[in-house]
Every structure is written in structure tokens, then in C-alpha cells.
Amino acid sequence: MANVVLEFKASAGDSEPQTRPVLIIGQQASLQQVSWSGVKGKLQPAVSKEVWQAALGALNPNPTDSCPLYLNHATVAALPSRVSRHNSPSSGHFLSRLMVCERSDVFASSCAIARAFPIFSRRSATSRRAEKKHVTVEFVIVGQDSSPLDVGELECLSNAADGVRLAARIVDTPCNEMNTDHFLDEIKAVGTELGITPVIIRGEELKQKGFGGIYGVGKAAEHPPALAVLSHTPEGATQTIAWVGKGIVYDTGGLSIKGKTTMPGMKRDCGGAAAILGAFKATIKQGFKDNLHAVFCLAENSVGPTATRPDDIHTLYSGKTVEINNTDAEGRLVLADGVVYASKDLSADIILDMATLTGAQGISTGKYHAAVMTNSEQWEVACVRAGRSSGDLAHPLVYCPELHFSEFTSAMADMKNSVAGERATGFGVALLMALFGQASDDSMLNKVSPLGAPTNMSDGDQMERDCKRRRLV
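Just so you know, these numbers come straight off a predicted model, no measurement behind them. (Residues numbered from 1 in each chain as written. Predicted model: local features only at pLDDT ≥ 70, side-chain atom pairs only at ≥ 80, totals over all residues. Heavy atoms only, no water.)

## Topic: helix α11 (residues 331-344)
Item 1. For α11, built from 14 residues, the straight-helix expectation of 20 Å at 1.5 Å per residue is met to within 8% by its first-to-last C-alpha distance of 20 Å.
Item 2. Within α11, burial applies to Gly331, Leu333, Val334, Leu335, Asp337, Gly338, Tyr341 and Ala342. (Helix = DSSP H or I, 4+ residues; strand = E, 2+ residues; numbered from the N terminus. Expected span 1.5 Å × (residues − 1). Buried < 20%, exposed > 50% of the residue type's maximum accessible area, 1.4 Å probe, protein only.)

This is how it looks when you write it as C-alpha cells:
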């Protein structure tokens, strides 16, 4: 897959399957809307109309299904017909080149295809593996707006796919190749392509300028930590947006070192910064109208003689002091510096930070949904909707910081960087009593029930209420 060139076209042209293998994939309802005349040029003479129709009738996605049309040269595959309310309507996560969908699902589907063709590989090169392959993607649009994709739309899909594959390549690359020096090279390369010179603050300069979070996390590594910024400032901009990315190129946990089973894979701790770099490159190419800053907080959380110790106190860029009681809670320290820089130095109106921040996210929202935490309900809803339309799914976390501030209290500094558990609270008793309150004769529980309290009722209405009480309707 590493040598695949991905190309999006309005029409891939006609060619028999033996010359150019073809995969036709889409939701079953969409496939049923495709006329034989629309696909026969890519299937004949190996596949007849009767074989095509028989294959469509045989598909039974649960959640997916495929049917070979001609050996391994031609295949039709069906995605899930229905998805739950927190999934993308495109069913993009089930995609593994002719794609059949409605126009609203094209963007998510193209990004899903890009994810299926990662770039990074260090396998020993055989002649077959080393051969560069071209994969051409054509979208057959069904539904009310079934016109072909225009040049601008294809360019957007291509840039988005390039951004996805760039981010994935950076995250896949191990730290002996993707250290902070090399990550800066990636940032400079994007800057050169866009005509932007990055601002870079590195090593001891971070300490001198007060970036105690980034410096403290990365100071023990061979390759020094850095704060890097790419800035797009077009004329006529009406607001300033900053994306801040956590770029921990490797996380050993520091002196609070991770175990042998939890440390492998920590090359991926730069995922937030990688995603922001890929998105910045694609977004600017598509003509972003407002000021946009990409802020990269880069460090390797290493073990060494100069590593931060638990009990050390660092001064962040905000001027706040933080007592370190867990060196493996480092992401929040580098992001703290980046977010304050975005606010204080870049005067950002909107700040979004993206990070592989904690393993607790995978427990709280699962493998496929990013966790969203924001002080704006409007942006919370927008993130969820954007996740469904893009295929990069997201789900809200509780935003109630005032309940948690006290847990970070430090006797030595303004705060600690990690917290410990407390006594049991008896949680759940009140919740269940209120949730099922309508099934009780108690007036107070009826009032707190989300299903509402009963009003004056006749005997017939009372009988109906009793029935509903059992069904909790």
C-alpha cells in the first residue's frame, strides 16, 4: 500500500477488468439506483448485465458483503444500509474505487478511501512491493443531485486525501526517524509549499521565553523540544482561529515510566499535531478566508539525567506554576503553553487543541469517536455534526470544570498536573430514583422524573397511566 498513488477523477473512463481491476462499492440502496449503462464500460465483456443484476440481488450486507463478478478483477461490495445516530451516514469506516453514494457522502467516503492506503512502510522491498501502483477513484452520484463532480470538488477531495495520508504517515513513522527535528522538517516542507515561513522556538530559547511546559517535558531528549507556528493571514479576514496540536513524538512516560505492554505504540502520541499539519495544508489550499494559525507543541518525553522529576515545579507560559506528580501526564503541559501562546501572542478568537491526550478517552468514547470538551455548546454540537459528515466521528465529554478544579490543588504551586481517586460517593441512587420516578406513587419522585408528573386524571386515564408506568412510556 505504501507505493499507491491515489487519484480522484470525475470519470475513470472505460476499460475491461482484466486490464484495470475494478471495485464498485456503496450502500445497497445506492447500488440499486445505478443503471447498467453507467457501469458496463468498466465491466464488459467479462461481466454481463445479467451477472451484474444477479450480484446486486445476492448482496446481503451484515454489516458488509461483497460478490465477485469476474475472478478477482471485478467485485461489487455493499456497505451497511443503516447506521446509528452517532455514526457517519456515509458508512465510511467500513470502506477498505468506483464508489457509489449520494453527494452528501462523497467527502467522508473519499477520506475513508485515503485511510485505506497508508504511505509509510519499511518492509524489505521486493520487485512487486516496490512497484508504484495507481488507484483511480470515480464517484457515481445517485439521488436528487446526481451530476458528476466538478474540478473544484475533485481538487478538494484530492487535497483532503493528501492531508489524511500525510498525517497518517507522520504518526506511523517511528521516533528514530520522526523525532522533533524531522517533525520540524515536515512543518517547513508544508510551509514552503504554501509560501509560509514557520516561527520556531527551540530548546533553551523555550526556557528563556517561559515555555516551561514544553521545555520541561522534552528537555531530557537528544533532540530538543520546540514550539512551531504556521500562520495564514489573508486580507479581509474577520476572525482569528488557532489550531494547537500535541506533538509528543514518543512518550516513555518519563521517570513515571510506562510498562512494557503500554509503551509500544507511543510513537502515535504526535497524532494531534500530525492531524493539524495535514488539515492546515489542505485547508489553506482550498482557500481559507480567515486568519488561521497552526501551533505545534513538539517534544519527546524521555528518560535521562535532566528529565523532569515528580515533585519538580515548572512555570508555564501563562505564568502559572505546576507541581509535577506524574511525568506521564505530559500532554496537558505542552498544550497549556500552546493554548496560552495562541491566546496571548496570536490573539485567537477561537482556539481548538487536538491531542492523543489520555487513554481514558478510548474508554469513555471508544475507538472510533474522538472526545470533545468545550466551553461552547454551539461548538460541541458543530463538532459532532462535522464528525458525522466527515467520517472522523466525535462525541461530547462532560464540560463542568468547576467540579474538578479542587482535585488539582497543590500546597506548593498553583496546581498539580495529575489527580488521584477519592472515597465512594454513593452515585447512582438518586439518578435511578429520579429516572424511574414516574413509576412511583411518591409526589416528589413524580416531580423530578424526566418523564413528567401526572395531572388530574379520570379512572380510565389512571388505568392508562398504570399501564404506561410499567412500560415507562
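## A word on the pattern of salt bridges
Item 1. Per the stated rule, a full pass over the model turns up 16 salt bridges.
Item 2. Between Arg115 and Asp392 there is a salt bridge, and its shortest N-O distance comes to 3.1 Å. With Arg115 in helix α4 (residues 106-115) and Asp392 in the loop between α13 (377-390) and β15 (394-396), this pair connects stretches of sequence that are 277 residues apart.
Item 3. One salt bridge in this structure joins Glu193 and Lys281, with 3.4 Å as the shortest N-O distance. On the criterion of sequence distance, the pair formed by Glu193 in helix α7 (residues 180-194) and Lys281 in helix α10 (residues 271-285) is long-range, its members being 88 residues apart.
Item 4. Given the relative accessible area of 44%, Glu193 is considered partly exposed.
Item 5. Of the residues examined, Lys281 reaches a relative accessible area of 18% and is grouped as buried.
Item 6. Salt bridges sharing partners connect three or more residues here, namely Asp14, Lys42 and Glu138. (Salt bridge = Lys/Arg side-chain N within 4 Å of Asp/Glu carboxyl O.)

## Focus on unusual backbone geometry
Item 1. Omega for the bond connecting Gln44 with Pro45 falls within 30 degrees of zero, at 0°, which places this linkage in the cis form.
Item 2. Of note, Pro45 is situated in the loop between α2 (36-43) and α3 (49-58).
Item 3. If you check the backbone angles, Ser347 has positive phi at about 50° while not being a glycine.
Item 4. The topology assignment puts Ser347 in the loop between α11 and β13 (350-354).
Item 5. What makes Ser347 partly exposed here is its relative accessible area of 48%.

## Some points on the sheet that holds strand β11 (residues 313-315)
Item 1. Pairing is mixed across the open sheet formed by three strands, whose spatial order is β11-β12-β16. Across the chains shown, the open sheet's two edge strands, defined by having one partner strand only, are β11 and β16 (415-416).
Item 2. Two elements, strand β12 (residues 321-323) and β16, share two bridges in a ladder whose sense is parallel. Paired with Val322 across the strands is Met415, a residue of β16. (Pairing = 2+ DSSP bridges.)

## So, the confidence of the model for the chain
Item 1. Summing up the model confidence of the chain, the mean pLDDT is 89 and the portion of residues at 70 or higher is 92%.
Item 2. Here residues 468-473 is a poorly scored stretch, pLDDT under 50, and it has nine contacts once near neighbours within four places are set aside; other chains count. (pLDDT = per-residue confidence, 0-100. Contact = heavy atoms within 4.5 Å.)

## Concerning the environment of Thr327
Item 1. Along the chain, the position of Thr327 falls in the loop between β12 and α11.
Item 2. When its relative accessible area of 7% is taken as the criterion, Thr327 is described as buried.
Item 3. For the pair formed by Thr327 and Met178, sequence separation is 149 residues and the distance between their alpha carbons is 22 Å.
Item 4. Once residues within four sequence positions are removed from consideration, Thr327 is found in contact with Gly253, Gly254, Leu255, Ser256, Asn301, Thr308, Arg309 and Pro310.
Item 5. Of note is the side chain of Thr327, whose polar atom sits 2.8 Å from the backbone nitrogen of Ser256. (Polar contact = N/O pair within 3.5 Å; in protein donor to acceptor, adjacent residues only side chain to side chain.)

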